[in-house]
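Geometric and topological summary
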Amino acid sequence: QFTRTINNKPRVVEPPKSFYIFKRGEHYINEDLDFESGNILFEPGSLVCIRKNVTLSFNNSNIILDSDNSHGGVSIKGCNGKGGSVIVKASSLKIKSLDLKRLSAPNKNSLGLYAGLNLINSRVVFDKITIRESMSEDAINVVDSQFKGRVLKFNSISSDGLDSDNSLMKIQNIYCNS
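Residues numbered from 1 in each chain as written. Predicted model: local features only at pLDDT ≥ 70, side-chain atom pairs only at ≥ 80, totals over all residues. Heavy atoms only, no water.

Regarding the overall build of the chain
Formally: Segments assigned H or I by DSSP are reported as helices when at least four residues long, segments assigned E as strands when at least two residues long, and all are numbered from the N terminus. Think of it in three bands: residues with accessible area under 20% of the maximum for their type are buried, residues over 50% are exposed, and the middle band is partly exposed, with areas taken using a 1.4 Å probe on protein chains only. Should any heavy atoms of two residues lie within 4.5 Å, those residues are counted as being in contact. Methods summary: accessible areas were calculated by the Shrake-Rupley approach with a probe of 1.4 Å, and residue burial reflects only the protein chains presented.
If you tally the helices and strands in the chain, you get 0 helices and 18 strands. By residue count, 46% of the 178 residues in the chain fall in the buried class. Look at the contacts in the chain between residues 6 or more apart in sequence, and 48% of them connect residues 24 or more apart. Summed over its atoms, the accessible surface of the chain is roughly 8900 Å², and 43% of this surface lies on carbon and sulfur atoms.

If you want it as structure tokens, here you go:
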């Protein structure tokens, strides 16, 4: 279950088992949400707000974060100043444009993950990822994965921007500020 604002009214929605679309607009994740073996599309202009100590997880899934000139890319941020985390395991992730802001490490951390965005045993291809104001030890943690992309930007990161363990990485441009 998660709460999504539709016409300025919060609504609790059950995610389908195999296919889900995060439509353009705001989505609030107020409790842990796990997608298992699904196909997930984030439309251009999707804004996902994850509450503190809440984890958005994808396991064995195909995920696309889309972008266009009219609506921009996908934003995932922490609600109310400090947010939760994203975990992607054994999945394929294609990102056109992703903006991450104020994410923190998973609260229930039996896996030893210390980043706002954790990529485990996954294949990630991206055009542009921007991470701002990370609230965790690592902004991105890449474990046993392939991570290939064009532009990776870090702004106002308090500790490590990128942590990689046993992964194959190819990034054309990395930018760091503050």
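On we go.
Here's the deal with the pattern of salt bridges
The criterion, for reference: Basic side-chain nitrogens of Lys or Arg form a salt bridge, by our definition, when they fall within 4 Å of a carboxyl oxygen of Asp or Glu.
All chains considered together, the criterion is met by 4 salt bridges. In this structure, aspartate 66 engages lysine 96 in a salt bridge whose closest nitrogen and oxygen atoms are separated by 3.2 Å. Of this pair, aspartate 66 sits in the loop between strand E9 (62–65) and strand E10 (74–78) while lysine 96 sits in strand E12 (residues 92–101), placing them 30 residues apart in sequence. Looking at aspartate 66, the relative accessible area reads 21%, which means it is partly exposed. With a relative accessible area of 40%, lysine 96 lands in the partly exposed category. We note a salt bridge from arginine 132 to aspartate 99, for which the minimum N-O separation is 2.4 Å.

Observations concerning the sheet that holds strand E13 (residues 115–120)
Filter applied, for reference: Pairing between strands requires that DSSP locate at least two bridges from one strand to the other. Where helices are involved, their axes are fitted lines through C-alpha atoms of the stretch in contact, as for all axes, and angles between N-to-C directions lie from 0 to 180°.
In space, the 6 strands of this open sheet follow the order E5-E8-E11-E13-E15-E17, with parallel pairing throughout. Two strands in the sheet have a free side with no partner beyond their single neighbour: strand E5 (33–36) and strand E17 (160–165). Neighbour-to-neighbour, the strand axes of the sheet open up by a mean angle of 10 degrees, direction not taken into account. In this sheet, strand E11 (residues 85–89) lies alongside strand E8 (residues 55–59) in parallel orientation, the contact comprising 5 bridges. Considered in E11, the bridge of phenylalanine 58 is made with valine 88.

Side note on the state of the cysteines
Worth spelling out the cut-off: Pairs of cysteine sulfur atoms within 2.5 Å are what we label disulfides.
Taken as a whole and assessed by the stated rule, the structure comprises 1 disulfide. Each disulfide pairs two cysteine sulfurs, and for cysteine 49 the partner residue is cysteine 79, the sulfurs being separated by 1.9 Å. Of this pair, cysteine 49 sits in strand E7 (residues 46–50) while cysteine 79 is found in the loop between E10 and E11, placing the two residues 30 residues apart along the sequence. Here the two residues cysteine 49 and cysteine 79 agree in accessibility, since each one is buried.

Some details on the packing of aromatic side chains
Each aromatic ring pair is specified by the distance between its two centres and by the angle formed by the two planes. We count it as follows: Aromatic pairs are defined between Phe, Tyr and Trp rings, using the six-membered ring for Trp, whenever the two ring centres lie within 6.5 Å; interplanar angles under 30 degrees are classed as stacked, those over 60 as edge-to-face, and all others as tilted. For a ring to carry a charge above it, either NZ of a lysine or CZ of an arginine must fall within 6 Å of the ring centroid while also lying within 35 degrees of the normal to the ring plane.
With the rule as written, the count across this model stands at 7 aromatic pairs. When the centroid spacing of 6.2 Å and the interplanar angle of 70 degrees are considered together, the rings of phenylalanine 42 and phenylalanine 58 count as edge-to-face. A residue pair is termed long-range when its members are at least 10 positions apart, and phenylalanine 42 in strand E6 (residues 39–42) and phenylalanine 58 in strand E8 qualify at 16 residues. You can call phenylalanine 58 buried: its relative accessible area is 4%. An aromatic cluster is defined as three or more aromatic residues linked by ring pairs; in this entry it consists of Tyr20, Phe22, Phe35, Phe42 and Phe58. The lysine or arginine in question, lysine 153, covers the ring of tyrosine 175, its NZ or CZ lying 5.9 Å from the ring centre.

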